[in-house]
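# Survey of secondary and tertiary structure
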Amino acid sequence: RMLKRQMACRGDIHRLNAPLLAIYESLIPPEEERTKQKQLMALLEKLVCKEWPKAQLFLYGSCANSFGVSKSDIDVCLAFNEDISDKSEILLKLADVLQSDNLQNVQALTRARVPIVKLMDPATGISCDICINNVLAVVNTKLLRDYAKIDVRLRQLAFIVKHWAKSRGVNETYRGTLSSYAYVLMCIHFLQHRRPAILPCLQGMEKTYNVTVDNIECAYFDKVEQLRNFGSPNKETVAQLVWGFFNYWAYGHDYANSVISVRTGSIISKQEKDWTRRVGNDRHLICIEDPFEISHDLGRVVDKFSIRVLREEFERAAEIIQYDPNPCVRLFAPYVH
Ligand code: CTP
Ligand code: MG
């Protein structure tokens, strides 16, 4: 099936541009949501500071990486300068501290894969998850945000891909499909590979930003204002890119041998990463290398059933864009697998 059906782009692809851009525009959060997020962060900071004056709160995930659509929950990291051996204890204390004010549904989930405190702020209507010392996520959030500043087509493509994934039920890691974070990395990788390239490989350039987190050196070129025109030699429209993205994952990607790597700006081999067989529960049926935690395959959640679902959804999307006279309706039609 691989490679043999790579399709030529339909001639009238440009007709899709306006409707796709309209969907993108409709998903952008209004400025007042930002204001409300800041308001909630200020309240959390005030409460946390009383208990732990030296701790810091960071926003991460979609509310801070610029790939958040309207009405998203917010992800917050409570960072201590020291290692925390017992996160449960801190989380229970944190839930207690937050309980005392006018926040609702404050709950410590100490046994989750990523232990968190969940809460809802009735003043702003925002729900929030707070984790402890997940500084790597704060740093990869900055990397994604910096990539988004280089060319607006990344944000447009990623919004549409995320919207598609949520509509089609393939954005659920607990059911073996991919995280939003993985989809954004797939979009970055895809745009690094256009000819001419729309995005550079920031980790392959001069290192103007450099932090070490959990013994991992996170370094890359972050003076992205200097790269504002990087993608301009490439004139592709968002419609062509959305089409190209699905066509790549439907018919172009070599699932058996390839790992996509934003870190190197290229495709590397599964052999080289030693991601050729299942180890424990980690399978490598679709391989997406984390840009900093390079032993981490974001595709490891995908199993032999969900890989079929994913690939069928990529093929379905590619076919719809190719042949459907009005693709936007079917492309985003809600579905539960
Ligand atoms: N993250 C990570 N490693 C993963 C999954 C997530 O480091 N395997 C971190 C990333 O910093 C990511 C954040 O957790 O930005 C939130 O992940 P996710 O919920 O997948 O992405 P969001 O951007 O928050 O998307 P959504 O709009 O769906 O909430
Ligand atoms: Mg999130």
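Residues numbered from 1 in each chain as written. Chains lettered and ligands numbered in written order. Predicted model: local features only at pLDDT ≥ 70, side-chain atom pairs only at ≥ 80, totals over all residues.

### A few points about the sheet that holds strand β8 (residues 258-261)
Here is the rule we go by: Note on pairing: DSSP must find at least two bridges between two strands before they are called paired. In DSSP terms, a helix is any run of H or I states spanning at least four residues, a strand is any run of E spanning at least two, and both are numbered starting from the N terminus. Between N-to-C directions, angles cover 0 to 180 degrees, with each direction set by a line fitted to C-alpha atoms, over the stretch in contact for helices.
Taken in spatial order, the 3 strands of this open sheet run β9-β8-β10, and their pairing is mixed. Either end of the sheet is taken by a strand with one partner, and the two such strands are β9 (266-269) and β10 (287-289). Sheet twist, expressed as the average angle between the axes of neighbouring strands with direction ignored, equals 35 degrees. Strand direction decides the pairing type here: β8 and β10, joined by 3 bridges, are parallel. Along β10, the bridge assignment pairs Val259 with Cys287.

### Focus: the site of ligand 1
Where we set the bar: Nearness between a residue and a molecule or strand is assessed with a C-beta atom placed from the backbone; a distance within 6 Å qualifies. Note on residue categories: nonpolar means Ala, Val, Leu, Ile, Met, Phe, Trp, Tyr, Cys or Pro, charged means Asp, Glu, Lys or Arg, and polar means any other residue, Gly included. Where each domain begins and ends follows an automated or database-derived domain assignment.
Surveying the vicinity of ligand 1 reveals 15 residues, the closest of which are Gly61, Ser62, Ala137, Ser179 and Ser180. Looking at the shell around ligand 1, the elements that each hand over two or more residues are α4 (135-150) and α6 (180-192). For the shell around ligand 1, the class distribution of residues is 5 nonpolar, 9 polar and 1 charged. When residues of the shell around ligand 1 are assigned to domains, at least three map to each of domain 1 (13-27 + 151-331) and domain 2 (31-136).

### Brief notes about the domain arrangement of the protein
The following threshold applies: Once C-beta atoms have been placed from the backbone, residue pairs whose C-beta atoms lie within 7 Å are recorded as contacts.
Under the domain assignment used here, the protein contains domain 1 (13-27 + 151-331) and domain 2 (31-136). For domain 1 versus domain 2, the distance between C-alpha centres works out to 28 Å. Every contact between the two is made by 12 residues of domain 1 and, on the other side, 7 residues of domain 2. Elements represented by at least two residues in the side of domain 1 that touches domain 2 include exactly α5 (152-167) and α6. Element by element, the count of residues in the side of domain 1 that touches domain 2 is highest for α5, at 4 residues. Here the side of domain 1 that touches domain 2 is composed, by residue class, of 7 nonpolar, 1 polar and 4 charged.

### A short note on unusual backbone geometry
The phi angle of most residues is negative, glycine excepted, and most peptide bonds adopt the trans form. The following threshold applies: Burial in this document is a count-based property: other C-beta atoms within 10 Å of a residue's C-beta are tallied, and the residue is buried at 20 or more, exposed at 12 or fewer, or partly exposed in between, with C-beta positions derived from the backbone.
Note the cis peptide between Arg195 and Pro196, where omega equals -5 degrees. Within the secondary structure, Pro196 is located in the loop between α6 and β6 (209-213). Its identity is not glycine, yet Ser66 carries a phi of approximately 75 degrees, on the positive side. When you line up the elements, Ser66 lands in the loop between β1 (56-60) and β2 (74-79). For Ser66, a count of 20 C-beta atoms within 10 Å corresponds to the buried category.

### Observations concerning the UniProt feature "domain: PAP-associated" (unreviewed entry) in the protein
Basically, it comes down to this: UniProt positions are given in the numbering used here, feature names are shortened, and annotations may be inferred rather than shown by experiment.
Within this numbering scheme, the UniProt entry marks residues 238-296 as carrying the feature "domain: PAP-associated" (unreviewed entry). In residues 238-296, helix accounts for 32% and strand for 19%; the two terminal C-alpha atoms are 30 Å from one another.

### Topic: α4
Going by this rule: A helix is expected to reach a length of 1.5 Å times the quantity of its residues less one.
With 16 residues, α4 should cover 22 Å at 1.5 Å per step; its first-to-last C-alpha distance of 24 Å lies within 8% of that length. Three or more residues of α4 are buried, namely Ala137, Val138, Val139, Asn140, Thr141, Leu143, Leu144, Asp146, Tyr147, Ala148 and Ile150. Buried residues belonging to α4 abut β1, β2, α5, α6, β6 and β7 (216-220).

### Considering the packing of helix α1 (residues 17-27) against helix α7 (residues 238-252)
So the rule is basically this: Any angle that falls under 35 degrees is termed roughly parallel, while one over 145 is termed roughly antiparallel, one within 65 to 115 roughly perpendicular, and all others oblique.
Packing of α1 against α7 leaves a shortest axis separation of 8 Å and a crossing angle of 85 degrees. As far as their axial angle goes, α7 and α1 are roughly perpendicular. On the side of α1, the interface is formed by Asn17, Leu20 and Leu21, while α7 contributes Val238, Ala239 and Val242. Residues of the contact of α1 with α7, tallied by class, amount to 5 nonpolar, 1 polar and no charged.

### Observations regarding the nonpolar core
Filter applied, for reference: Any nonpolar core is a set of buried residues, restricted to Ala, Val, Leu, Ile, Met, Phe, Trp, Tyr and Cys, that join up through C-beta atoms within 7 Å.
If you look at the biggest cluster of nonpolar residues, it comprises 86 residues, and the most contacted ones within it are Leu157, Cys187, Val242 and Phe246. No other element matches α6, which puts 10 residues into this core. Here this core gathers at least three residues from each of two domains, domain 1 (13-27 + 151-331) and domain 2 (31-136). Here Cys187 is in contact with Leu154, Leu157, Ala158, Val161 and Phe245, once residues within four sequence places are set aside.

### Points about the packing of α7 against helix α9 (residues 306-323)
Helix-helix packing: each pair is described by the crossing angle between the helix axes and the interaxial distance. Selection criterion: Take the far helix as your reference; a near helix turned counterclockwise from it by less than a right angle gives a left-handed crossing, and one turned clockwise gives a right-handed crossing.
The N-to-C vectors of α7 and α9 enclose an angle of 135 degrees; their axes lie 8 Å apart at closest approach. Compared by their axis directions, α7 and α9 come out oblique. Here α7 and α9 pass one another in a crossing that is left-handed. Residues Val242, Trp243, Phe246, Asn247, Trp249, Ala250 and Tyr251 of α7 touch α9, and the partners they reach there are Phe314, Glu315, Ala317, Ala318 and Ile321. A per-class count over the contact of α7 with α9 returns 10 nonpolar, 1 polar and 1 charged.

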